[in-house]
Structure formats: structure tokens, C-alpha cells
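Structural features, examined
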Amino acid sequence: MNEFTALNTKVRGMTRHLLTIDEWETANNTHSLTEIYQFLLNNPGYHDVINSLKADKITTQTLTQALHTAVFYDFRKLFLFASLKQREILKLYGLRFEYNFIRRSLKTTEAKQLVPILYPPFADYLDNHRGFSTAETVSSESIRKVVSTFSHTAFAPYFEQFGHLFGDNTYEHYAFEETFEQYTWSLAFKKARHMLSRQELATFHDLVGSEIDFSNISIIYRLKFYYEADENYISEQLLSGGRRLKKEELETLIQTSDRQRFQNQLAIFGYPSLVDEMSYRLASERQQRETLSQMEAKLVRLMPNSLLTALHYLNKKNEESERLIHIVEQVGFTSLAQIGKEYSR
């Protein structure tokens, strides 16, 4: 036995609750939010979170929020089960929850909307383990006030450096999204260097670096072929820390003259599936995640006695949740459209 045996046994038990092919067929054939609610309620992987909803108040928004919460619910299970050392590594994965909470808080405050009520264990994790003050954040009425509530978190240095992006009632969205994502990746790498073995760190860099590559491919493709932006401007928007696409490779992509050559260059750089060979359209975010998941699965097999098994499970759960959210949104939109037709008669 090694230090990860107990945790990996826990992960294998949770993996059995991921949806099967037959269950996906059932989910894809639901026709109302009530059907989806009942389907999730009967699934062990979602029962506890879905059971907290009131059956007569099911909406697209409440189901979507519950599915996002389900990912954190499983993260929390593993976090509480893990050793102190393992918890520190799991916090690297948990950065995405902090990242999303900050982005959502800024957006809802600017729109003068209430920040959705937080799942209590989520607020507890952020407040007691990550230096947040969630009650103060959700009750803040200005952007600057929201930003001030992050002063004791790992993101405090970012807001000190980029405080000029935030006013009382609004903020510079594009500059924030680019710089905040870059800071989060840098923070993850910095923390990983102190926690992981050389082999684990190399694996972590491969996975995160590939995500950065995907982001840069998307930025170049859209700015170049959709907006016909200046090459210097495109270069300024790119993230550093990629796995395969360093400065020279990125410049080569920026300078390609058409979509076919762009696709050919991606194949040379090791990403042949990210642009369709027939239409030359960029792969969807879901397809990009599937590519990353396949890579991650190979690394898990190479390193079975590591925390990578737990992180891979959480990513699979997140992918599953996103697919279910897509079904919820489709069914919810169809239901609203049908109500609209009946109302107009």
C-alpha cells in the first residue's frame, strides 16, 4: 500500500456513479425539467444535491446551479477524506472554484443582480480554507467593494496589481479575463512546484500547459479569421506557459495565411483534431476538453499511485455535469418556446 491507496479506493467507488451509456440515453430522451429532476434524483452521483431542491420550483437556473454544485460536492468529499498533504494538492484543483466565484461575483454585481445563494459547504470551504469572506462579497453593492473582499485570498496580489481595471460600477472585461486567467495559471504552477514530485510536476505542466495551448489556439483563430485583427495585437493577447506552443510556434500560427494552413500547422505541432479537416472550423470547447481528457487518462495509467487519479475523476465529473447542463438548457429552451406558441394562439 502507498499513501494514495485509500484515496484512490474512494475515487473508484465514486467513479461507479458516473453515468453509463444507457443512462445517457435516458437523459438525452428527457422532455421536461421535471423528468430531468427525477432522473438526477434517482442517480447516486447527484441525489444529495438535487434532493435539496423543491420539486415544485424547478427551473433551468436551479438545475444548472445544482449541477455545478455537484462537482464541488464530490471535490469536498475527497478533500475531507484526504490527508493534510493531499488536501494541499487538491487545493490546486480547487482554484477553479475560486476563479469562477470571483468572475461570477463581479458579473452579477455589475449587472445589479443578486449573487446566487451559495451552497453552504462551498462557502465554508472558501471562508475557512481559502481566505474568502463570501457573506461580505455577496452583499457588496459596488465592484470596488467586491474586489476589496478578496484581500486575504491567494488572488490579493492580482487585484493589487490590476486594481486600475475596476471602477465603482463597472470594470474592463476583456483585460480582466485575459490577465486573471494568466495569473491563475501562474499561481497554480507556483504552488505546484512546492508540492509535487518532479514526475508529478511534469505531468501537471503537461495538462495545464495543454489547456493554455488550447486557449491560445482559440484566441489566434478567432482574432485572425473572424475579426482580422493585427498580428501585433494578437500576440499581446496570448498566454504564456503553454506545453507545445512556445513563442516561435505561436508566431507561426499567427502568420498563417488561411485556415487550411492553420490546420496543417496545428497537426505539425501535435494538435491535429482541433480544427475540422473538411470545414476548417475550430473545435468546440467540449471537443477540446475531450482531447485533454484522453491525454489525462493516458497519464493516469502511467501514474496510478498518485493524486492524478482523483483529479482525473473530478475532471470527468465536471465534463459530465457540463453535458447535463447542456441537456437542461435545451429542454428548458424548448419548454419556453412551446409555452410561447400556446400563449400566442
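Cut-offs and rules
Residues numbered from 1 in each chain as written. Predicted model: local features only at pLDDT ≥ 70, side-chain atom pairs only at ≥ 80, totals over all residues. Heavy atoms only, no water. pLDDT = per-residue confidence, 0-100. Contact = heavy atoms within 4.5 Å. Helix = DSSP H or I, 4+ residues; strand = E, 2+ residues; numbered from the N terminus. Buried < 20%, exposed > 50% of the residue type's maximum accessible area, 1.4 Å probe, protein only. Phe/Tyr/Trp six-rings, centres within 6.5 Å; stacked < 30°, edge-to-face > 60°. Axes fitted to C-alpha atoms, helices over the stretch in contact; angles between N-to-C directions. Parallel < 35°, antiparallel > 145°, perpendicular 65-115°, else oblique. Left-handed = near helix turned anticlockwise from the far one by under 90°. Nonpolar A, V, L, I, M, F, W, Y, C, P; charged D, E, K, R; others polar. Polar contact = N/O pair within 3.5 Å; in protein donor to acceptor, adjacent residues only side chain to side chain.

Side note on the confidence of the model for the chain
Per-residue confidence for the chain gives a mean pLDDT of 84; residues scoring 70 or more make up 85%. Within the model, the stretch residues 339–344 combines pLDDT values under 50 with zero contacts to residues more than four positions away or in other chains.

What about the environment of Thr134?
Structurally, the position occupied by Thr134 is in helix α8 (residues 134–139). A residue is classified by how much of its surface remains accessible, and Thr134, at 5% relative accessible area, is buried. Residues contacting Thr134, with those up to four places away along its chain left out, are Phe101, Leu118, Ala123, Leu126 and Asp127.

Quick word on the packing of aromatic side chains
Centre distance and the angle of the planes are the two values used to describe a pair of aromatic rings. Per the counting criterion, the structure on display carries 34 aromatic pairs. Arranged with centres 5.8 Å apart and planes meeting at 40°, the rings of Phe72 and Phe75 form a pair that is tilted. With a gap of three residues between them, Phe72 and Phe75 both fall in helix α5 (residues 60–81), about one helical turn apart. In this structure Phe72 comes out as buried when scored by relative accessible area, which is 3%. On the accessibility criterion, Phe75 (0% relative accessible area) is buried.

Some thoughts on the packing of α5 against helix α7 (residues 120–129)
How two helices pack is summed up by the angle between their axes together with the distance between the axes. Running from amino to carboxyl end, α5 crosses α7 at an angle of 50°, the nearest separation of the two axes being 10 Å. In terms of orientation, α5 and α7 fall into the oblique class. Where α5 crosses over α7, the two elements pack in a sense that is left-handed. Contacts from Phe72, Phe75, Arg76 and Phe79 of α5 reach α7 at Pro121, Phe122, Tyr125 and His129. Residues that form the contact of α5 with α7 fall into these classes: six nonpolar, one polar and one charged.

Describing the side chain of Glu177
Along the chain, Glu177 falls in helix α11 (residues 173–195). Of note is the side chain of Glu177, whose polar atom sits 3.0 Å from the side chain of Arg103. Beyond its immediate sequence surroundings of up to four residues, Glu177 is in contact with Tyr99, Arg103 and Lys107.

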